[in-house]
Amino acid sequence: AQTVTQSQPEMSVQEAETVTLSCTYDTSESDYYLFWYKQPPSRQMILVIRQEAYKQQNATENRFSVNFQKAAKSFSLKISDSQLGDAAMYFCAQSPRATQGGSEKLVFGKGTKLTVNP
Amino acid sequence: DGGITQSPKYLFRKEGQNVTLSCEQNLNHDAMYWYRQDPGQGLRLIYYSQIVNDFQKGDIAEGYSVSREKKESFPLTVTSAQKNPTAFYLCASSIRFNRGEKLFFGSGTQLSVL
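The model shown is predicted, which means the values in this text are computed figures rather than measured ones.

## Comments concerning the overall build of chain B
For step 1, the next point in the chain: Looking only at helices and strands, chain B features 0 helices and 11 strands.
For step 2, the next point in the chain: A principal-axis box enclosing the C-alpha atoms of chain B has dimensions of 35 × 25 × 25 Å.
For step 3, the next point in the chain: In chain B, 54% of the contacts between residues at least 6 apart in sequence involve partners at least 24 apart.
For step 4, the next point in the chain: In the structure as shown, chain B presents an accessible area of about 5,400 Å², 47% of it carried by carbon and sulfur atoms.
For step 5, the next point in the chain: Counting 13 positive and 11 negative side-chain charges, chain B places the averaged centre of each group 3 Å from the other.

In structure tokens, the structure reads:
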């Protein structure tokens, strides 16, 4: 069964500093996708970054980057130069890669609430 | 602007009442989804639709129903059989029905029981 675990219910960071959010997962699939979604106070979910498990290179999107450790089944999100607008709930998610079917097996973690202090 | 519109933002249900949550998208996406979010929890899939006139149950479909008569619209009905309907409901879409696709989300509907 697929599981996604975010062990940090809450994190805080000072503005302009760097913070890392942790995520571990378990899956029996040999290939899969990993995601980080952000949910700001408006509650609308926004994709932050996406990683294809068969790619060894870590994904980056501007100030956001991941540390993907496939053997350890770890997928942490690093936010550099934190800004006040980064304050949100962050959800890690995982779905298998398949030749058919769809996002019905996109499994979310319980989230980490990030506070950014001025 | 292209996007997903959910309405209403807040909805109240009386005992024994069915209520319908609206979800409309103008992104020309084939696939649409309904998720439920409870406090301190991640999102759980209720129903999804790969294409018009087709839909499948997700992980927690009991007490819910959907229709997909138009590509743009995927309404969710919370029936009286759903005994614990209080939650935040999110509608999403993706270009096609593929597990690696990015999901685009609406702004959600908060449903509460009177």
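## A few points about the interface of chain A and chain B
You'll often see interface size given as the accessible area lost when the parts meet.
For step 1, the next point in the chain: Across the contact, 24 residues belong to chain A and 23 residues belong to chain B.
For step 2, the next point in the chain: Summing the contributions of chain A and of chain B, the shared interface buries around 2,100 Å²; its carbon and sulfur component is 52%.
For step 3, the next point in the chain: Remark: the boundary between chain A and chain B carries 0 salt bridges.
For step 4, the next point in the chain: At the surface where chain A touches chain B, the tally comes to 4 residue pairs in polar contact (both at pLDDT 80 or more).
For step 5, the next point in the chain: If you list the elements that add at least two residues to the side of chain A that touches chain B, you get strand 5 (32–39), strand 6 (46–52) and strand 10 (88–96) of chain A.
For step 6, the next point in the chain: Tallying contributions element by element places strand 5 of chain A first for the side of chain A that touches chain B, with 4 residues.
For step 7, the next point in the chain: Residues belonging to the side of chain A that touches chain B are distributed by class as follows: 10 nonpolar, 9 polar and 5 charged.

## Examining the state of the cysteines
Residues and elements named next belong to chain A.
For step 1, the next point in the chain: Per the stated rule, a full pass over the model turns up 2 disulfides over all chains.
For step 2, the next point in the chain: Across the disulfide, Cys23 is cross-linked to Cys92 (sulfur-sulfur distance 2.0 Å). On the sign convention where negative is left-handed, the bridge of Cys23 and Cys92, at about -70° about the S-S bond, is left-handed. Placement of the pair is Cys23 in the loop between strand 3 (19–21) and strand 4 (24–26) and Cys92 in strand 10, with a sequence separation of 69 residues. A single burial state applies to Cys23 and to Cys92, both of which are buried.

## Describing the packing of aromatic side chains
For step 1, the next point in the chain: Tallied over the entire structure, the rule returns 12 aromatic pairs over all chains.
For step 2, the next point in the chain: Plain terms: the ring middles of Tyr37 of chain A and Phe105 of chain B are 5.6 Å apart, the flat faces sit at 85° to each other, and that makes the pair edge-to-face. Of this pair, Tyr37 of chain A sits in strand 5 while Phe105 of chain B is found in strand 10 (residues 104–105), placing the two residues in two different chains.
For step 3, the next point in the chain: These aromatic residues form a ring-pair network of at least three members: Tyr33, Phe35, Tyr37 and Phe108 of chain A together with Tyr33, Tyr35 and Phe105 of chain B.
For step 4, the next point in the chain: One cation-aromatic arrangement involves Arg43 of chain A over Phe88 of chain B; the distance from NZ or CZ to the ring centre is 3.6 Å.

## Details of the pairing of strand 4 (residues 31–37) of chain B
Residues and elements named next belong to chain B.
For step 1, the next point in the chain: Along strand 4, 7 of the 7 residues are buried, which leaves the element largely enclosed by surrounding structure.
For step 2, the next point in the chain: Side chains of strand 4 alternate between two faces, with Ala31, Tyr33, Tyr35 and Gln37 and Met32, Trp34 and Arg36 buried alike.
For step 3, the next point in the chain: Sheet topology note: the strand 4/strand 9 (residues 87–94) ladder contains 7 bridges and is antiparallel. The residue bridging Tyr33 from the neighbouring strand is Ala92, located in strand 9.

## Some points on the pattern of salt bridges
Residues and elements named next belong to chain A.
For step 1, the next point in the chain: The final tally for this structure, using the stated rule, is 8 salt bridges over all chains.
For step 2, the next point in the chain: Across the pair Glu52 and Arg50 runs a salt bridge whose closest N-O atoms are separated by 3.6 Å.
For step 3, the next point in the chain: By relative accessible area, Glu52 is classed as buried at 13%.
For step 4, the next point in the chain: One network of salt bridges, in which partners are shared, links Arg50, Glu52 and Lys55.

## So, the pairing of strand 5 of chain A
Residue and element names in this part refer to chain A.
For step 1, the next point in the chain: With 8 of its 8 residues buried, strand 5 lies for the most part within the structure.
For step 2, the next point in the chain: Of the two faces of strand 5, both are covered, the one formed by Tyr32, Leu34, Trp36 and Lys38 as well as the one formed by Tyr33, Phe35, Tyr37 and Gln39.
For step 3, the next point in the chain: One ladder, built from 8 bridges, connects strand 5 with strand 10; its direction is antiparallel. Bridge pairing in strand 10 places Trp36 opposite Cys92.

## Comments concerning the side chain of Arg13 of chain B
Residue and element names in this part refer to chain B.
For step 1, the next point in the chain: Within the secondary structure layout, Arg13 lies in strand 2 (residues 10–13).
For step 2, the next point in the chain: Although buried, Arg13 forms no salt bridge, and the nearest oppositely charged side chain, Glu15, lies 5.1 Å from it.
For step 3, the next point in the chain: Reaching out from Arg13, the side chain makes a polar contact with the backbone oxygen of Thr79 at a distance of 2.7 Å.
For step 4, the next point in the chain: Not counting chain neighbours up to four residues away, the residues in contact with Arg13 comprise Val19, Val78, Thr79, Ser80, Gln82, Pro85, Leu111, Ser112, Val113 and Leu114.

Thresholds applied
- Residues numbered from 1 in each chain as written.
- Chains lettered and ligands numbered in written order.
- Predicted model: local features only at pLDDT ≥ 70, side-chain atom pairs only at ≥ 80, totals over all residues.
- Heavy atoms only, no water.
- Helix = DSSP H or I, 4+ residues; strand = E, 2+ residues; numbered from the N terminus.
- Contact = heavy atoms within 4.5 Å.
- Areas by Shrake-Rupley, 256 points an atom, 1.4 Å probe, with all protein chains shown as cover.
- Lys, Arg positive; Asp, Glu negative; His and termini not counted.
- Charge placed at Lys NZ, Arg CZ, Asp CG, Glu CD.
- Buried area = accessible area lost by both parts, 1.4 Å probe.
- Salt bridge = Lys/Arg side-chain N within 4 Å of Asp/Glu carboxyl O.
- Polar contact = N/O pair within 3.5 Å; in protein donor to acceptor, adjacent residues only side chain to side chain.
- Nonpolar A, V, L, I, M, F, W, Y, C, P; charged D, E, K, R; others polar.
- Disulfide = S-S within 2.5 Å.
- Buried < 20%, exposed > 50% of the residue type's maximum accessible area, 1.4 Å probe, protein only.
- Phe/Tyr/Trp six-rings, centres within 6.5 Å; stacked < 30°, edge-to-face > 60°.
- Lys NZ or Arg CZ within 6 Å of the ring centre and 35° of its normal.
- Pairing = 2+ DSSP bridges.

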